[in-house]
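Here are the chains, one letter per residue:
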Amino acid sequence: MAKSARYAIGIDIGGTGIKGGVVDCKKGKLLGKRCKEATPPGAAIADVRAAVLTLLERIRAQELDTKVPALDTLPIGICMPAVIRHGRSMSAANIAPDWVGFDARSMFVEALGTPVSLVNDADAAGVAEVKFGNADAAQGSVLVLTLGTGIGSALVYRGDLFPNTELGHMELDGHTDYERYASAKVREREGIDDATWCARLSPYFRKLEALFSPDVFVISGGISKRATEFIPLIDVDTPIVPAKLKNNAGIIGAALLGASGWELSLIHISEPTRPRL
Ligand code: BGC
């Protein structure tokens, strides 16, 4: 794989907002503004495409330090809440169903007129957290969980990602899709308190602990801002730490993977098939 670029643009397509910015991939930091567009209701392909284009124009319109190359020459990484196999989005838990089986990366390459790396949003956040968040985590096995609209997961061992784990959709205790019972959005929608929410998260974390024996869990997503308030209520032996990059983890991780040309150099082993989530 070619040497990673120092600067890249990261774009994080989420359930409520599409966020992005220019990232210094050596420091794991955003340079300039963090730009945001609302996620179009229903997140249909054409609407998301248009919103990403608007966002990119705003990101590129900034005046940054002269040491950063011209912004329209920077590599771009995009992350979104779907299984991404060889550039195709293969699932659509919280986005429009027309993304399933769609060649999303080619669409973005054509729309943005530049090579694009496309990855799952939790995978992007996980890579960034392990690289720039928790130094201990980089040495061992880490399970990063993003608690937001859904539950996303990233499995990282010594800095290397095993992509598309989708552990939020696990079936447990009669709940066929656990994120629909225990995501941060469900907590908000049902108006339950932290103790009730963590009583739902505890069996989930214990199951993941039994299956993967990670050295540490990292909790990411918007909720990680106040993670220290509820982490002690989750009953599991493995240490849980809050993400350090907070809401920017997806942007930074997407940029890192974009800068390294993630997936662009992978060989197509077979035509991707849709996972049964
Ligand atoms: C999606 C995952 C995503 C997670 C967090 C889940 O519903 O299936 O792909 O990572 O939400 O956004």
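This text goes with the structure placed above it.
Residues numbered from 1 in each chain as written. Predicted model: local features only at pLDDT ≥ 70, side-chain atom pairs only at ≥ 80, totals over all residues. Heavy atoms only, no water.

Peer 1: Help me understand helix H2 (residues 104–112) in this model?
Peer 2: Since there are 3.6 residues in each turn of an α-helix, residues three or four apart along the chain are aligned in direction. For H2, the full list of buried residues reads Ala 104, Arg 105, Met 107, Phe 108, Ala 111 and Leu 112. Down the axis of H2, the sector holding all buried residues measures 160°, keeping them to one side. Among the structural elements, strand S1 (7–13), helix H1 (45–60), strand S4 (76–80), strand S6 (88–89) and strand S7 (116–120) are those in contact with the buried residues of H2. Positive backbone phi, approximately 65°, marks Gly 113, located one or two places after H2. (Buried < 20%, exposed > 50% of the residue type's maximum accessible area, 1.4 Å probe, protein only. Helix = DSSP H or I, 4+ residues; strand = E, 2+ residues; numbered from the N terminus. Arc of directions from axis to C-beta. Contact = heavy atoms within 4.5 Å.)

Peer 1: Would you explain the site of the ligand in this entry?
Peer 2: Looking at the ligand, there are 14 residues lining it, with Asn 120, Asp 121, Glu 166, His 169 and Glu 179 nearest. Within the backbone of Ala 82, one N or O atom sits 3.4 Å away from an oxygen atom of the ligand. Interatomic distance of 2.9 Å between a side-chain N/O atom of Asn 120 and an oxygen atom of the ligand. Protein contacts shield 94% of the accessible area of the ligand, which totals 310 Å² for the unbound molecule. Listing elements by their share of the shell around the ligand, those giving two or more residues are helix H3 (121–133) and strand S9 (151–157). (Near = heavy atom within 4 Å. Polar contact = N/O pair within 3.5 Å; in protein donor to acceptor, adjacent residues only side chain to side chain. Areas by Shrake-Rupley, 256 points an atom, 1.4 Å probe, with all protein chains shown as cover.)

Peer 1: Whenever I open this one, the packing of H3 against helix H8 (residues 249–259) confuses me. Can you help?
Peer 2: When two helices pack together, their arrangement is given by the angle between the helix axes and the distance between those axes. Where H3 contacts H8, the axes come no closer than 7 Å and their chain directions differ by 90°. Between H3 and H8, the interaxial angle falls into the category roughly perpendicular. Residues Ala 124, Ala 125, Val 127, Ala 128, Glu 129, Lys 131 and Phe 132 of H3 lie in contact with H8, whose contacting residues are Ala 249, Gly 250, Ile 252, Gly 253, Ala 254, Leu 256 and Leu 257. Residues of the contact of H3 with H8, tallied by class, amount to 10 nonpolar, 2 polar and 2 charged. (Axes fitted to C-alpha atoms, helices over the stretch in contact; angles between N-to-C directions. Parallel < 35°, antiparallel > 145°, perpendicular 65-115°, else oblique. Nonpolar A, V, L, I, M, F, W, Y, C, P; charged D, E, K, R; others polar.)

Peer 1: Is there a simple way to explain the sheet that holds strand S11 (residues 216–220) in this structure?
Peer 2: Sheets are built from strands paired through backbone hydrogen bonds, the pairs being either parallel or antiparallel. The 5 strands are arranged S10-S9-S8-S11-S12 in an open sheet whose pairing can be described as mixed. What marks the edges here is a single partner per strand, and that holds for strand S10 (160–162) and strand S12 (240–242). Across the sheet, the mean angle from the axis of one strand to that of its neighbour is 30°, orientation sign disregarded. Where S11 meets S12, 3 bridges bridge the pair, whose relative direction is parallel. Bridging from a neighbouring strand, Val 218 pairs with Val 241 of S12. (Pairing = 2+ DSSP bridges.)

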